[in-house]
Structure formats: structure tokens, C-alpha cells
Amino acid sequence: MAQIDLKALEAEALEAEALAAAAEPTEEEKKAHAFLERRAVAREKAAGAAREKREVDGAIREGAAKKTAGKSYLVRAVDLVSFFPFGEAPPIEQFPGGGVIIVRNPSPDRQAAVTSAMEAKKRKLEPIFIDLVCDTTVDPAPEDVGGGAMLRAFLEAYPGAASNAAGIVLELGGLRQEAAKRGSL
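None of these values were measured; they are calculated from a predicted model.

The rules behind these values
Residues numbered from 1 in each chain as written. Predicted model: local features only at pLDDT ≥ 70, side-chain atom pairs only at ≥ 80, totals over all residues. Heavy atoms only, no water. Pairing = 2+ DSSP bridges. Helix = DSSP H or I, 4+ residues; strand = E, 2+ residues; numbered from the N terminus. Axes fitted to C-alpha atoms, helices over the stretch in contact; angles between N-to-C directions. Salt bridge = Lys/Arg side-chain N within 4 Å of Asp/Glu carboxyl O. Parallel < 35°, antiparallel > 145°, perpendicular 65-115°, else oblique. Left-handed = near helix turned anticlockwise from the far one by under 90°. Contact = heavy atoms within 4.5 Å. Nonpolar A, V, L, I, M, F, W, Y, C, P; charged D, E, K, R; others polar. Buried < 20%, exposed > 50% of the residue type's maximum accessible area, 1.4 Å probe, protein only. Expected span 1.5 Å × (residues − 1). Arc of directions from axis to C-beta. Core = buried A, V, L, I, M, F, W, Y, C linked by side-chain atoms within 4.5 Å.

### Topic: the sheet that holds strand S3 (residues 137–139)
If you trace the 3 strands from one edge of the open sheet to the other, you get S1-S2-S3, paired in antiparallel fashion. Two strands bound the open sheet, and with one partner strand each, they are strand S1 (75–79) and S3. Between one strand axis and the next, the sheet turns by 40 degrees as a mean value, whatever way the strands run. Looking at chain direction, S1 and strand S2 (residues 100–104) are connected through 5 bridges and run antiparallel.

And the structure:
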């Protein structure tokens, strides 16, 4: 059996303990950290409450859009704020529709045109997606000039949000096509 060097191990333990003691936050740093934790909890609560309000607003507006649509097209509320990492979303005033828009499925011709444009690769994807989302948004209403302009400006400023919303629109288009094949629409 190998000889254990207890003095060396004790020296290593003392050195590690000294480093741990030196790394210990000061009382002021501990208080500051407690405030940072409280701030983080408060921000999460506020974000959760805002998300709940958007969900309620989106559900009400989606319900109204479904009544208007009947069986003509499918609609879905899109929470634009959810496309951003926590704490990195722009101020809610910059979002169209208070952070929620209602989109519909594209017509089969429009969906085919988007697919064709994507495959042709003559235009960048972002403008294709921005146009698609703007063309299929029913709330804010297309005739709402201010709401429509705000939507386009927002999507141009945040093309990732446009891509995510376009994915939802295209998904609705696929669901609509499947429903039509089954004869349920």
C-alpha cells in the first residue's frame, strides 16, 4: 500500500479553505445579491402577468376572428412577445396589437406562391415572410392603416419574429388543406 502524505493533503485543504474564504462575498455584496434576486423574481412575475393578459386578449380576439371567418379560413392568435428571450423583448408599445396579432391561413394560391418564391431563392426569405404575415393578418385589420404600418415596421425590425409568425401562417395553411381533403371545411 502506498504511503499517504497527510501533511501535503492538509496543506492542500488549508489552501482550498483560504481560497474559499477569500471568494466569500462581503456583507454588502450579499445584500446586493439579495436585491438582485428580488428584482429577478419581480420581473418574472410581471412578465408572467403580462403573458397571461396577452393570452386572454389573444383568445378573445381569436374568438371574434373565428366568428367572422366561419368555415372560410382558420385563424390563430400569435404572441409576438413570446418570440423573444426573456428580458430581451422591445417595449410593448413597439408591438403591433399590444403584442398579439391574429393571423389566418393563406389561400392555396398564396401558399403555393410562397413555396415557389422560397424554392426559387430569388428573394431573401425575410421579405417573403414579412409579406406573408402582413397579407394574412386579420387583427390588426388590413384596413387599419396605422396597425398595418406598425406591423410591417415591427416585422422589418425583427425578421426573426416574421419568420416565426410565417411558420404559424404556413402551418395553418397546411391544416386548412388537410381539412379540405377530409371534407370537414
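Moving on, there is more to tell.
### Description of the pattern of salt bridges
Enumeration according to the criterion identifies 11 salt bridges in this entry. Linking Lys30 and Glu27 is a salt bridge whose minimum nitrogen-to-oxygen distance equals 3.6 Å. Taken together, the residues span about one helical turn, with Lys30 and Glu27 both in helix H2 (residues 27–69) at a distance of 3 residues. A salt bridge links Glu55 to Arg51; its shortest N-O distance comes to 3.1 Å. With Glu55 and Arg51 both in helix H2 and 4 residues apart, this pair spans about one turn of that helix.

### Focus on the packing of helix H3 (residues 108–120) against helix H6 (residues 159–182)
Interhelical geometry of H3 versus H6 gives an angle of 130 degrees and a closest axis separation of 10 Å. Taken as axis vectors, H3 and H6 run oblique relative to one another. Taken as a pair, H3 and H6 cross one another with a handedness that is left-handed. Seen from H3, the contacting residues are Pro108, Gln111 and Val114; seen from H6, they are Leu170, Gly173, Gly174 and Gln177. A class-by-class count of the residues in the contact of H3 with H6 yields 3 nonpolar, 4 polar and no charged.

### Quick notes on the environment of Leu74
Summarising the element assignment, Leu74 is placed in the loop between H2 and S1. For Leu74, a relative accessible area of 25% translates into the label partly exposed. It is 9.4 Å that separates the C-alpha atoms of Leu74 and Val169, two residues lying 95 residues apart in sequence.

### Considering helix H5 (residues 145–157)
Under the 1.5 Å per step criterion, the end-to-end length of H5 is 18 Å for 13 residues, consistent within 8% with the ideal 18 Å. When we look at burial in H5, the residues that qualify are Gly147, Leu151, Phe154 and Leu155. When H5 is viewed along its axis, its buried side chains cluster within an angular range of 95 degrees and face the same direction. Opposite the packed face of H5, turned more than 90 degrees from it, sit the exposed residues Val145 and Ala157. As for H5, its buried residues are in contact with S2, helix H4 (125–136), S3 and H6.

### Some details on the nonpolar core
With 24 residues, the main nonpolar core has Val78, Ile101, Val103, Phe154 and Leu155 as its most contacted residues. Mapped by element, the contributors of at least two residues to this core are S2, H4, H5 and H6. The biggest single contributor to this core is H6, with 7 residues. Grouped together as the second largest cluster of nonpolar side chains are 6 residues, Ala65, Tyr73, Val75 and Ile102 included.

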